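Okay, here's what each chain looks like letter by letter:
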Amino acid sequence: MFQGLRDFLDHLDRRGLLAHIKKEVNTKYEIAAGIRKASDTNGPALLFEKVAGYPGWKVAAGIFATRRLVAEAFELPEREVVQRYLEREDQRIPPVLVKDSPAKEVVWTGKDIDLYKLPIVTHSELDCGPYITIGIQVGKHPDTGIRNVSIHRLLLLDRDKLSCWAPPDHHLGRMILQAEDSGKGLPIATAIGVDPLTAIASQSKVPMGVDEFDVAGGFHGAPVELVRCETIDVEVPAHCEIIIEAVTIPGERCADGPFAEYPGTYSETKSAPVMRVTAITMRRDAIYQTGLTGFPLTENHTMIEPANAAAAFKEVRRLCPEVKAVNITPGGTSRHHCVVSIRKRHEDEGRNVATALLAANLGIKLAIVVDEDIDVFNPTEVEWAVNTRMQPDRDLIIIPRMMSSTLDPSAPRSRSTAKWGIDATKPLDGGIFYDRVRIPGEDSVDFI
Ligand SMILES: Cc1cc2nc3c(=O)[nH]c(=O)nc-3n(C[C@H](O)[C@H](O)[C@H](O)COP(=O)(O)O)c2cc1C
Ligand SMILES: [Mn+2]
């Protein structure tokens, strides 16, 4: 279990999964290009030790650049992450409040607040500016006071001003609008450099009214330690690196975008809430953290994938108790394509599973159902099943016009898409013509 980003970096270092970059790099594109390469080559997490224009600062980047790095946060092999996620997601442990935090060693308030002193990164070619991309935002519901934890990009607007891209279909966006209805700003704290399981728990699909720190506690098997902010009534992880305290300005909006989004394409310019920073506190030797969103895989895929796979698994389990494995695949942006393997007991069970996944409002656009002998994580095996066990006129299901959460550029209207399901399971009475060829002893060869 890791208390903060630092412990995790040490762990990655010991495992040979952290590259220390001594070459001086620029915050414009160069750091992001490094993350791009790490993701594309299944490479290590990155620690940039010399950043042009920001003497003394280190930037941790691509900490979740690959699925393997996410698995390291759970200290598990990649294939065991979803099962652990399913076991722990509902074993909630509430956080505890502590008095001291190293992230209070330096305190900037009033005229000392200056976001330009942080090494905030510009990521992709057409991005409209530098964004804080991987802080966790903590806010409290204006009526219930229940905390919400999530990740939203923040565009740097001024020394003490940031945008916060939190649309109303996300809990924080809804809370901003609810506070605005009564003419109030919403206090929002951004903690940069939190422990990895808290960052991943922020992506859990729990309903509004569930504090994601409780989920993080379940993942840790112990309560997350929180500390109070200096100028707003919000608590953040005590072992983080940097805390940005802010309040949204009711009614104020700014242009946000273009921004390289998770489909691997750009989002149009949107109108985002603006917040005023009331304090910045940090460790004396704080490490800044950035993450990439863009063409898959990036951290906006790897971090969200376990939550999506766990949700899909639960959905399938409702109607088919013999679910073997679920893969929310990278090419479907870790959101929209799902491959599931089942032990089917009825000829048409695969069709029910596919349509249930498409109807479940999980954002799944394509559901492929295969038998238990197919490894859902192996694209060749899945394609083989589609080739040898599926006939398009019989086994393809197309559902026109469904509501969906998607930034898919091919969508005919915002948040609308057609969906498709593929039943690539073999017939129950298929006999040896459908069986996968095997050679006795193929699993125990010891001479090569
Ligand atoms: C690296 C990363 C960046 C993200 N950026 C945004 C963002 O800018 N805006 C947004 O609405 N969601 C973003 N998300 C997704 C939300 O954080 C996620 O959907 C979260 O579960 C929402 O929390 P909620 O269920 O409490 O609304 C991002 C996720 C990750 C992993
Ligand atoms: Mn939430």
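In this section: the domain arrangement of the protein chain. When the domains of the protein chain are assigned, the result is domain 1 (5–302) and domain 2 (305–433). One C-alpha centre belongs to domain 1, the other to domain 2; they are set 32 Å apart. Listed per partner, the contact involves 24 residues of domain 1 and 25 residues of domain 2. Where domain 1 abuts domain 2, roughly 2,000 Å² becomes buried across the two surfaces, and 59% of that area is made up of carbon and sulfur atoms. Area buried by domain 1 at its contact with domain 2 is led by Arg-67, Leu-86 and Tyr-262, which between them contribute 29% of it. Seen at the junction of domain 1 and domain 2, the total is five salt bridges. Among the salt bridges present, the one from Arg-79 reaches Asp-375, with a minimum N-O distance of 2.9 Å.

Time to look at the sheet that holds strand β18 (residues 287–290). Read across the open sheet, the four strands follow the order β1-β2-β3-β18; overall the sheet is mixed. The open sheet has two edge strands with one neighbour each: β1 (18–21) and β18. Going from strand to strand, the sheet's axes swing by 20° on average, the running direction of each strand aside. Relative to β18, strand β3 (residues 58–61) runs parallel, the two being bridged by four bridges. If you follow Lys-58 over to β18, its bridge partner there is Ile-287. Sheet strands in contact with helix α2 (residues 30–40) are β2 (45–48), β3 and β18, and its direction is about 155° off that of β2.

Axes are the key here: two packed helices are described by the angle between their axes and the distance separating the axes. Across the interface, helix α4 (residues 81–88) lies against helix α9 (residues 305–319) with an axial gap of 9 Å and an inter-helix angle of 70°. Judged on the interaxial angle alone, α9 and α4 are roughly perpendicular. Only Pro-306, Ala-307, Ala-309, Ala-310, Phe-313, Lys-314 and Arg-317 of α9 make contact with α4, whose side of the interface consists of Val-81, Val-82, Gln-83, Tyr-85 and Leu-86. Split into classes, the residues belonging to the contact of α4 with α9 amount to nine nonpolar, one polar and two charged.

Below, the discussion takes up the site of ligand 1. Near ligand 1 there are 16 residues, and of these Ile-151, Arg-153, Trp-165, His-170 and His-171 occur at the shortest range. Between ligand 1 and Ser-202, the relevant distance is 3.3 Å, taken from an oxygen atom to a main-chain nitrogen or oxygen of the residue. Between ligand 1 and Gln-203, the relevant distance is 3.1 Å, taken from an oxygen atom to a side-chain nitrogen or oxygen of the residue. Burial of ligand 1 by the protein amounts to 91% of the accessible area it has alone, namely 640 Å². Elements that contribute at least two residues to the shell around ligand 1 include exactly β8 (147–150) and α8 (299–302). For the shell around ligand 1, a count of residues per class yields four nonpolar, nine polar and three charged.

Mapped onto the elements of the fold, Asp-395 is located in helix α12 (residues 392–395). Its relative accessible area of 8% is what places Asp-395 among the buried residues. Within the structure, the side chain of Asp-395 is placed 2.8 Å from the side chain of Arg-394, a separation counted as a polar contact. Aside from chain neighbours lying at most four places away, what touches Asp-395 is Arg-351, Arg-389, Met-390, Gly-421, Ile-422 and Asp-423.

Okay, the nonpolar core next. Judged by nonpolar contacts, the single largest core of 115 residues is most densely connected at Phe-64 and Ile-244. For this core, the element with the most residues is α9, which contributes six residues.

Counting buried positions along strand β21 (residues 366–371) yields six of six residues, so the element is predominantly enclosed. A two-sided burial pattern is seen for β21, the buried positions comprising Leu-366, Ile-368 and Val-370 on one face and Ala-367, Val-369 and Asp-371 on the other. Inspection of the sheet shows strand β20 (residues 337–342) paired to β21 by six bridges, in the parallel sense. Paired with Cys-338 across the strands is Ala-367, a residue of β21.

It is worth spelling out the packing of aromatic side chains at this point. Summed over all chains, the structure comprises five aromatic pairs. With centroids separated by 6.2 Å and ring planes inclined at 25°, the aromatic side chains of Phe-8 and Phe-64 adopt a geometry described as stacked. Placement of Phe-8 in helix α1 (residues 5–14) and of Phe-64 in the loop between β3 and α3 (67–74) is noted, with a sequence separation of 56 residues between them. Given a relative accessible area of 2%, Phe-64 falls into the buried group. Between Tyr-85 and Phe-219 the ring centres are 4.8 Å apart and the planes differ by 55°, which places this aromatic pair in the tilted class. Of this pair, Tyr-85 sits in helix α4 while Phe-219 sits in helix α7 (residues 212–220); the two residues are 134 residues apart in sequence, bridging distant segments of the chain. Overall, Tyr-85 belongs to the buried group, its relative accessible area being 0%.

So, about a nonpolar patch on the surface. A surface patch of nonpolar side chains, about 400 Å² in accessible area, is lined by Val-445, Phe-447 and Ile-448. Looking at the element boundaries, Val-445 is found in the segment after β23 (416–423). Under the relative-accessibility criterion, Val-445 is labelled partly exposed at 36%.

Our next topic: empty space enclosed by the protein. Under the counting rule described, the total for this entry stands at one cavity of 30 Å³ or more. Taken as a whole, the largest cavity holds about 60 Å³ of empty space. The wall of the largest cavity is formed by Leu-5, Ile-63, Phe-64, Ile-134, Ile-136, Ala-191, Gly-193, Val-194, Asp-195, Pro-196, Ala-199 and Gln-289. Its residues placed into classes, the lining of the largest cavity shows nine nonpolar, two polar and one charged.

Turning next to the packing of α9 against helix α10 (residues 349–359). Orientation of α9 relative to α10, taken along the N-to-C sense of each, is 140°, at an axis distance of 10 Å. With respect to their mutual orientation, α9 and α10 come out oblique. Crossing of α9 against α10: the hand is right-handed. Across from Ala-312, Glu-315, Val-316 and Leu-319 in α9, the residues of α10 making contact are Glu-349, Asn-352, Val-353, Ala-356 and Leu-357. In terms of residue class, the contact of α9 with α10 is built from six nonpolar, one polar and two charged.

Definitions and cut-offs
Residues numbered from 1 in each chain as written. Chains lettered and ligands numbered in written order. Predicted model: local features only at pLDDT ≥ 70, side-chain atom pairs only at ≥ 80, totals over all residues. Heavy atoms only, no water. Domains from an automatic or database assignment. Contact = heavy atoms within 4.5 Å. Buried area = accessible area lost by both parts, 1.4 Å probe. Salt bridge = Lys/Arg side-chain N within 4 Å of Asp/Glu carboxyl O. Pairing = 2+ DSSP bridges. Helix = DSSP H or I, 4+ residues; strand = E, 2+ residues; numbered from the N terminus. Axes fitted to C-alpha atoms, helices over the stretch in contact; angles between N-to-C directions. Parallel < 35°, antiparallel > 145°, perpendicular 65-115°, else oblique. Nonpolar A, V, L, I, M, F, W, Y, C, P; charged D, E, K, R; others polar. Near = heavy atom within 4 Å. Polar contact = N/O pair within 3.5 Å; in protein donor to acceptor, adjacent residues only side chain to side chain. Areas by Shrake-Rupley, 256 points an atom, 1.4 Å probe, with all protein chains shown as cover. Buried < 20%, exposed > 50% of the residue type's maximum accessible area, 1.4 Å probe, protein only. Core = buried A, V, L, I, M, F, W, Y, C linked by side-chain atoms within 4.5 Å. Phe/Tyr/Trp six-rings, centres within 6.5 Å; stacked < 30°, edge-to-face > 60°. Patch = residues over 30% accessible without salt bridge, like charges linked within 9 Å, V, L, I, M, F, W, Y side chains within 5 Å. 1 Å grid on protein atoms, 1.4 Å probe; cavity = no way out; pocket = protein on both sides within 12 Å on 5 of 7 lines; lining within 4 Å. Points joined across faces, edges and corners; volume = space filled by probe spheres on them. Left-handed = near helix turned anticlockwise from the far one by under 90°.

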